[in-house]
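Summary of the model geometry
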Amino acid sequence: MALDFSEPFTERTPRVVNAAKLNRAAGRKKAGRFLAEGENSVEAAVATGAATDLFVTEAAADRFYDVVTTAAYMDVFTHAITDKAAQSLTDTVHTTGVFAVCKPVTWTLGSVLTGRPKLVAVCVGTNDPGNAGTIIRLVDALGADAVIFAGDTVDPESPKVVRSSAGSLFHVPVARERDVNGAIGQLRAAGLKLAATTMGGEVSLDDPGNALDQPTAWLFGNEAHGLPDDVLAAADYRVSIPIKGSAESLNLSTAASICLWESAKMLGD
């Protein structure tokens, strides 16, 4: 599809101005929309029907021709924009020049648990968008069932999380539940055992016995403070990852990768 770039939208065009507001939580809440940037995220948004509008620079229209063409077939409104308009839409120094305005894709916790999931990642108080997006991507890669953001966490539809998920936000169920204790109760009622990551846990990931051979919800904590004591106490298992070298601890997304990989192996047997 060839776009007409003779009169592209500028950074002052109302549609662009409104889309730029989606970089802020208040703008997303008011509009009931969020913004995706980059080839992987935009392509997934278009393919899954989440995208309502596409904004693309002339260079990006050539580079991402297939995405623009698919958007046309999916009846997504596609708008030519200037490079300055692209800079007003991005929250990064360098932009790919392709953006999608999207309908909300987060689920309720109840809807996630309806399908009787076997492996779930629960991010409790997770604040770092890079870690959040990476965990969503990891769950997608391992074929796990869902990601739940519990408590006071980063918004999974914020630009940095969307970008870090590399399209996976549109592929796997992602839920947000403010009530941590309520989430724990619903997870347990759905037949999931709760495994909490903590240093000095009574179960070692080196030899977990039969702790991980049943449907499991992994509880991952805040990057700086870990899991609250009451959440650790509520877990069925407190699991530690043995560290062989002299590193004090592991990055949250790295620890999640190891734990979910081990569970996926055991549940797949």
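Residues numbered from 1 in each chain as written. Predicted model: local features only at pLDDT ≥ 70, side-chain atom pairs only at ≥ 80, totals over all residues. Heavy atoms only, no water.

**Topic: the sheet that holds strand β1 (residues 34–37)**
Sheets are built from strands paired through backbone hydrogen bonds, the pairs being either parallel or antiparallel. Across the sheet, which stays open at both edges, the four strands sit in the order β1-β4-β2-β3 with mixed pairing between neighbours. Since the sheet does not close on itself, it has two edges, and those belong to β1 and β3 (77–80), each with one partner. Sheet twist, expressed as the average angle between the axes of neighbouring strands with direction ignored, equals 20°. Where strand β2 (residues 51–56) meets strand β4 (residues 98–102), five bridges bridge the pair, whose relative direction is antiparallel. Among the inter-strand pairings, Asp53 is bridged to a residue of β4, identified as Val101. (Pairing = 2+ DSSP bridges. Helix = DSSP H or I, 4+ residues; strand = E, 2+ residues; numbered from the N terminus. Axes fitted to C-alpha atoms, helices over the stretch in contact; angles between N-to-C directions.)

**Considerations on helix α3 (residues 39–47)**
In an α-helix, one turn spans 3.6 residues, which is why side chains three or four residues apart end up on the same side. Within α3, burial applies to Ser41, Val42, Ala44, Ala45 and Val46. Among the structural elements, β1, β2, α5 (65–73), β4 and α9 (159–165) are those in contact with the buried residues of α3. (Buried < 20%, exposed > 50% of the residue type's maximum accessible area, 1.4 Å probe, protein only. Contact = heavy atoms within 4.5 Å.)

**Some details on a nonpolar patch on the surface**
Judged by side-chain polarity, Ile243, Leu250 and Ile258 come together as a nonpolar surface patch covering roughly 200 Å² of accessible area. Its place among the elements puts Ile243 in the loop between β11 (237–240) and α12 (252–268). (Patch = residues over 30% accessible without salt bridge, like charges linked within 9 Å, V, L, I, M, F, W, Y side chains within 5 Å. Areas by Shrake-Rupley, 256 points an atom, 1.4 Å probe, with all protein chains shown as cover. Salt bridge = Lys/Arg side-chain N within 4 Å of Asp/Glu carboxyl O.)

**A look at the environment of Arg176**
Within the secondary structure layout, Arg176 lies in strand β7 (residues 174–177). Looking at Arg176, the relative accessible area reads 28%, which means it is partly exposed. In this structure the C-alpha to C-alpha distance between Arg176 and Thr106, which are 70 residues apart in sequence, comes to 7.1 Å. A distance of 2.9 Å separates the side chain of Arg176 from the backbone oxygen of Thr153, its partner in a polar contact. (Polar contact = N/O pair within 3.5 Å; in protein donor to acceptor, adjacent residues only side chain to side chain.)

**Notes on the pattern of salt bridges**
Taken as a whole and assessed by the stated rule, the structure comprises 10 salt bridges. Two residues, Arg28 and Asp155, come together in a salt bridge whose shortest N-O distance is 3.0 Å. Of the two residues, Arg28 is situated in helix α2 (residues 25–31) and Asp155 in the loop between β6 (146–150) and α9; the sequence distance between them amounts to 127 residues. Residues joined by salt bridges that share partners form a network here, namely Arg28, Asp155 and Arg176.

**Here's the deal with the pairing of β1**
Along β1, one buried face is formed by Phe34 and Ala36 and the opposite face, lined by Leu35 and Glu37, is buried too. Strand direction decides the pairing type here: β1 and β4, joined by four bridges, are antiparallel. Note that in β4 the partner of Ala36 across the bridge is Ala100.

**Some thoughts on the packing of α3 against α5**
Axis separation between α3 and α5 bottoms out at 10 Å; the angle between their running directions is 20°. In terms of orientation, α3 and α5 fall into the roughly parallel class. Pair α3 / α5 crosses with left-handed handedness. Residues Glu39, Val42, Glu43 and Val46 of α3 touch α5, and the partners they reach there are Val67, Thr70 and Ala71. For the contact of α3 with α5, the class distribution of residues is four nonpolar, one polar and two charged. (Parallel < 35°, antiparallel > 145°, perpendicular 65-115°, else oblique. Left-handed = near helix turned anticlockwise from the far one by under 90°. Nonpolar A, V, L, I, M, F, W, Y, C, P; charged D, E, K, R; others polar.)

**Some thoughts on the nonpolar core**
Core analysis: the biggest nonpolar cluster contains 57 residues, and Leu54, Phe170 and Trp218 have the highest contact counts within it. Taken domain by domain, the makeup of this core includes at least three residues from each of domain 1 (14–102) and domain 2 (109–267). In contact with Trp218, other than residues within four places in its own chain, are Leu119, Val120, Ala121, Val122, Ala195, Thr197, Leu205, Leu212, Val239, Cys259, Leu260 and Ser263. Of all hydrophobic cores here, the second largest spans 24 residues; its members include Ala217, Leu219, Val231 and Ala235. (Core = buried A, V, L, I, M, F, W, Y, C linked by side-chain atoms within 4.5 Å. Domains from an automatic or database assignment.)

**Re the domain arrangement of the protein chain**
Entries for the protein chain in the domain assignment read domain 1 (14–102) and domain 2 (109–267). Relative placement of domain 1 and domain 2: their C-alpha centres are 30 Å apart. Counting residues at the interface gives 15 residues for domain 1 and 12 residues for domain 2. When domain 1 packs against domain 2, close to 1,100 Å² is buried across both sides, 60% of that on carbon and sulfur atoms. At the surface where domain 1 touches domain 2, the tally comes to three salt bridges. Between the two partners, domain 1 and domain 2, sit four residue pairs in polar contact (both at pLDDT 80 or more). When its residues are assigned to classes, the side of domain 1 that touches domain 2 shows seven nonpolar, five polar and three charged. (Buried area = accessible area lost by both parts, 1.4 Å probe.)

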